[in-house]
Amino acid sequence: MLTKNMEKALNGQIRLEAESSQVYLSMASWAEVKGLEGISLFMYGHSDEERMHMLKLIKYVNERGGHAHISDLKAPDKDFGSFQKMFQELYEHEIFVSKSINELVHVSLEEKDYATHNFLQWYVAEQIEEEALARNILDKINLIGNDKGGLYLFDRDVQQITAGNADSNTTE
Ligand code: OFO
């Protein structure tokens, strides 16, 4: 059984995962209308992943005798300026999510809720991968600079970049 404090904290994370999904959905749509097909597919995929993170939390809260709340969400930006700025924003957003997960782990220890502590380890590991992925993409973007050919290749290949193979060369 979840304590009230733990339930409240997990519900906060449910909202954050839902908002993350919306942010990446908005990025996907922006990239799509800019003709950045590959980047847009990457963002649609990322948005789906965040929804999966949210669903996993919802199921967990309900399974442990709590009640997962579905709340209204903050509308994400519609315009992201440039693809470089957009990926920078993605990186910063993931750092923000990691801080929130760390805070949740902290609450689970305070509440002596070791089942939730154990459950959260999946998110801790996921955030390490997501931050590494975002950093790797930013490195590649810095290499491209303003080179249009580089952007073309990056857009073509970015869909294949996942957390597992973030180190592979995507602009060959
Ligand atoms: Fe990209 O973060 Fe969810 O957890």
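Higher on the page you've got the structure.
This write-up is about the structure you can find in this document. (Residues numbered from 1 in each chain as written. Predicted model: local features only at pLDDT ≥ 70, side-chain atom pairs only at ≥ 80, totals over all residues. Heavy atoms only, no water.)

### Regarding the overall build of the chain
Then, number 1: A count of helical and extended segments in the chain gives 5 helices and 0 strands.
Then, number 2: Put simply, the chain runs from its N terminus to its C terminus through helices and strands in the order α-α-α-α-α.
Then, number 3: Relative to a compact globule of 172 residues, whose C-alpha radius of gyration would be 16 Å, the chain shows 17 Å and is just as compact.
Then, number 4: Per-residue burial over the chain gives 45% buried out of 172 residues. (Helix = DSSP H or I, 4+ residues; strand = E, 2+ residues; numbered from the N terminus. Rg over C-alpha atoms; globule rule 2.2 N^0.38 Å. Buried < 20%, exposed > 50% of the residue type's maximum accessible area, 1.4 Å probe, protein only.)

### So, the packing of helix H1 (residues 4-33) against helix H3 (residues 83-110)
Then, number 1: Look at H1 against H3: their axes get within 10 Å of each other, and the N-to-C directions meet at 170°. When the axis of H1 is compared with that of H3, the two are roughly antiparallel.
Then, number 2: Residues of the contact of H1 with H3, tallied by class, amount to 17 nonpolar, 6 polar and 3 charged. (Axes fitted to C-alpha atoms, helices over the stretch in contact; angles between N-to-C directions. Parallel < 35°, antiparallel > 145°, perpendicular 65-115°, else oblique. Nonpolar A, V, L, I, M, F, W, Y, C, P; charged D, E, K, R; others polar.)

### Things to note about the packing of aromatic side chains
Then, number 1: Summed over all chains, the structure comprises 7 aromatic pairs.
Then, number 2: A ring pair is formed by tryptophan 30 and phenylalanine 80, whose centres lie 6.1 Å apart and whose planes are at 80°; its orientation type is edge-to-face. Within this pair, whereas tryptophan 30 is found in helix H1, its partner phenylalanine 80 is found in the loop between helix H2 (37-63) and H3, the two being separated by 50 residues in sequence. Each of the two residues, tryptophan 30 as well as phenylalanine 80, counts as buried. (Phe/Tyr/Trp six-rings, centres within 6.5 Å; stacked < 30°, edge-to-face > 60°.)

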